[in-house]
Amino acid sequence: MPGWTVQEGRAVALPLENVDTDQLIPARFMSTPRSEGYGGFLLHDLRHDAEGQPDPDFPLNAPGAEAARILVTRRNFGAGSSREAAVYALVDAGFRVVIAPSFGDIFSSNAVNNGLLPAQLDAEAVETLLAACPCEMRVDLEAGTISAPGGAVGFTLDRVWRQKLMNGWDDIDLTLAHDSEIGAFAETRKRAQPWTWPA
């Protein structure tokens, strides 16, 4: 997947707490091949009424929301099961950044491995951004800043996560980036303790 340093684009608000992975993509849609795309299933049961019609009052159904690249939401986003399909649904719908006060741990790891930034800000900063949405935002990985109408706010990100996002790497790519060091360690270990090495 391509890496990125800056994301600029429309941001939309999802002013809900505890949006879990079962809500992000209901299990009944997960038998669909990934090649067909999961974006249409994102938050399906929240976005539709009991008759299956789009709810016009739901933020992601608003005109222009389909072009959004940044989602601003409340605490405990992505909690629940470890289904990576929840991240697939967000990415396939076009999102590259989710901003919230807190995230599910497994969701965050899955997000980074798929090029999606889980940007954590304090609750007050998130509420300010929610009030500004919909709007244009700029997220800069290197600078660690989110710029919106009214100013910019900083966020912290694990150094390895930043490296993975900027290079478009998952865990395997990160390991392969250290191939020469791993090979050197293996050779040193083999010379020092040959009896531990398979014949």
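Residues numbered from 1 in each chain as written. Predicted model: local features only at pLDDT ≥ 70, side-chain atom pairs only at ≥ 80, totals over all residues. Heavy atoms only, no water.

As annotated in an unreviewed UniProt entry, the protein is 3-isopropylmalate dehydratase from Salipiger mucosus DSM 16094. The UniProt entry for the protein carries this comment under Sequence similarities (unreviewed entry): "Belongs to the LeuD family. LeuD type 1 subfamily." (UniProt positions renumbered as here; feature names shortened; annotations may be inferred.)

## Let's talk about unusual backbone geometry
Residue P134 follows C133 across a cis peptide bond; omega there is -5 degrees. With respect to the helices, strands and loops of the structure, P134 is situated in the loop between α5 (123-132) and β5 (135-140). Not every positive phi belongs to a glycine, and L43 is a case in point at roughly 55 degrees. Inspection of the secondary structure assignment puts L43 in the loop between α1 (21-24) and α2 (44-47). In this structure, N76 is a non-glycine residue whose phi angle is positive, near 65 degrees. Along the polypeptide, N76 turns up in the loop between β2 (70-73) and α3 (85-92). A relative accessible area of 25% means that N76 is categorised as partly exposed. (Helix = DSSP H or I, 4+ residues; strand = E, 2+ residues; numbered from the N terminus. Buried < 20%, exposed > 50% of the residue type's maximum accessible area, 1.4 Å probe, protein only.)

## Here's the deal with the UniProt feature "domain: Aconitase A/isopropylmalate dehydratase small subunit swivel" (unreviewed entry) in the protein
In this structure's numbering, the residues bearing the UniProt feature "domain: Aconitase A/isopropylmalate dehydratase small subunit swivel" (unreviewed entry) are residues 4-123. Taken end to end, residues 4-123 is 22% helix and 18% strand, and its two terminal C-alpha atoms sit 26 Å from one another.

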